[in-house]
Amino acid sequence: MELSPTALKYASLCVLCVQNSLLAILMRLSRVGNFPRFNPATAVFVGEALKLATCFVVLFHEFNALKEPQRRKRIGESFRTITNVSELLRVSVPAMLYVVQNNLQYVAVSNLDAPTFQIMYQLKILTTAIFSVVLLRKTVLLTQWGAIVTLMMGVALVQLDGDASSAAKTDQVGQSTTKGLLAVVAACVCSGFAGVYFEKILKGSGSKTTLWERNVQMCFLGLALSGGGLVYNDFESIMSRGFFYGYRPVVWAAIGMSAFGGLLTAVVVKYADNILKAFATSIAVVLSVIMSVFVFDKVPTGQFVIGAILVNGSVYVYGKAPELHKGHLEPILPLTAGKDSMETKHIA
């Protein structure tokens, strides 16, 4: 039975909400508790390997849909495209930044609770907007600038609430709110620059490289860069403790959710418009707060709730603004939203 477009939209909404909210919870769960601590760099490496394998599976599925001799010709063209040295060098910058971003996310969730991380991470809207203006010469709608200002106000309230909470608690041994906040801000900067830079490459290259071929290039470089970092920084630790030291089911769940989250979004995004995706992000924040009450016994304060409302409202308005100003100015949207998302989406 084929689903209607409306049903597909709401199915996309549910999938995006669950993925976004569960990712923050699972990553936080993987870093807390009296368990052996796994090396986050190994998790990033495994995630890149999973994404690369997934991209190859999709490519081979596309090849199998062709008949000979088109199939053999297409495989040869794809191989030459993926292994093109100049193209690999071009995407090496965003690939490196995505690896850094993924490592910073683990640093952030090790020092921040899931709702705070989820809300702070919405600052990627601000960084994406700034880099889009600088690199792509796009125009931000006045309504969107207002939403960004509101977003920063909400984030500031959440940050101040986090500072007060960390000062009042003494049982969070080894955690630093300041370190977590700096990590999530740095991750947002990496996310914004890498996404816009990747979009600039795709729109300015004029090549016929497909989405999945680009993702294979990015994942291959990400795997090489994260692997090189492991050898350089953690070789002795891995040799003494083992590569999968500290891994448990929740760690694998967090890696899988992170690795396949981008793929999942890329698949369902064509059924959802900008407003729906912004709405999904807002709901995910709310779900993270609710789940944290039961999973981590984290009861939000009034200040946190106000900050969360401001962030959710700003995200929704930011996504809705282009519809309100359709035909006036070209809006800036994160790479996971808008018409170009299916062309520029990377599995970050």
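In the block above lies the structure referred to throughout.
Computed from a predicted structure; not experimentally measured.

**Q** So, the overall build of the protein: which residues are in play, and what are the values?
**A** Across its full length, the protein carries 13 helices and 0 strands. Going from N to C terminus, the protein has its helices and strands arranged as α-α-α-α-α-α-α-α-α-α-α-α-α. Across the 348 residues that make up the protein, the buried fraction comes to 49%. At a minimum sequence separation of 6, the contacts of the protein that also span at least 24 residues come to 89%.

**Q** Hey, could you go over the packing of aromatic side chains for me, with residue numbers and the actual values?
**A** All chains considered together, the criterion is met by 12 aromatic pairs. For the ring pair Phe45 and Phe243, a centre distance of 5.9 Å and an interplane angle of 70 degrees mean the geometry is edge-to-face. Of the two residues, Phe45 sits in helix 2 (residues 40–64) while Phe243 sits in the loop between helix 9 (211–241) and helix 10 (249–268), which places them 198 residues apart along the sequence. Classification of Phe45 by relative accessible area gives partly exposed; the value is 25%. Seen in terms of ring centroids, Phe244 and Tyr247 are 5.2 Å apart; in terms of plane orientation they differ by 90 degrees. Their pairing is edge-to-face. Clustering of aromatic rings is evident, with ring pairs tying together Phe38, Phe45, Tyr106, Phe243, Phe244, Tyr247 and Trp252. The aromatic ring of Phe38 is capped on one face by Arg31, whose charged end is 4.8 Å from the ring centroid. In this arrangement the basic side chain of Arg248 is found over the ring face of Phe35, its NZ or CZ atom lying 3.9 Å from the centre.

**Q** Got a sec to walk through the packing of helix 2 against helix 3 (residues 70–82)? Specific residues and values, please.
**A** The description of two helices packed together rests on the angle between their axes and the distance between the axes. The geometry of helix 2 relative to helix 3 is characterised by a closest axis approach of 9 Å and an angle of 150 degrees between their N-to-C directions. Of the possible angle classes, the one that applies to helix 2 and helix 3 is roughly antiparallel. Residue-level inspection shows Leu59, Phe63 and Asn64 of helix 2 in contact with helix 3, the latter providing Arg71, Arg74, Ile75, Ser78 and Ile82.

**Q** So what about helix 9? Which residues, and what values?
**A** An α-helix turns once every 3.6 residues. As a result, residues three or four positions apart point the same way. The end-to-end C-alpha separation of helix 9 is 38 Å, well short of the 45 Å expected for 31 residues at 1.5 Å each. Taken as a whole, helix 9 carries its principal kink of about 85 degrees at Asp234.

What counts and what doesn't
Residues numbered from 1 in each chain as written. Predicted model: local features only at pLDDT ≥ 70, side-chain atom pairs only at ≥ 80, totals over all residues. Heavy atoms only, no water. Helix = DSSP H or I, 4+ residues; strand = E, 2+ residues; numbered from the N terminus. Buried < 20%, exposed > 50% of the residue type's maximum accessible area, 1.4 Å probe, protein only. Contact = heavy atoms within 4.5 Å. Phe/Tyr/Trp six-rings, centres within 6.5 Å; stacked < 30°, edge-to-face > 60°. Lys NZ or Arg CZ within 6 Å of the ring centre and 35° of its normal. Axes fitted to C-alpha atoms, helices over the stretch in contact; angles between N-to-C directions. Parallel < 35°, antiparallel > 145°, perpendicular 65-115°, else oblique. Expected span 1.5 Å × (residues − 1). Bend = angle between axes of the 7 residues up to and from the residue.

So far we have only geometry, and geometry alone does not tell us how the molecule works.
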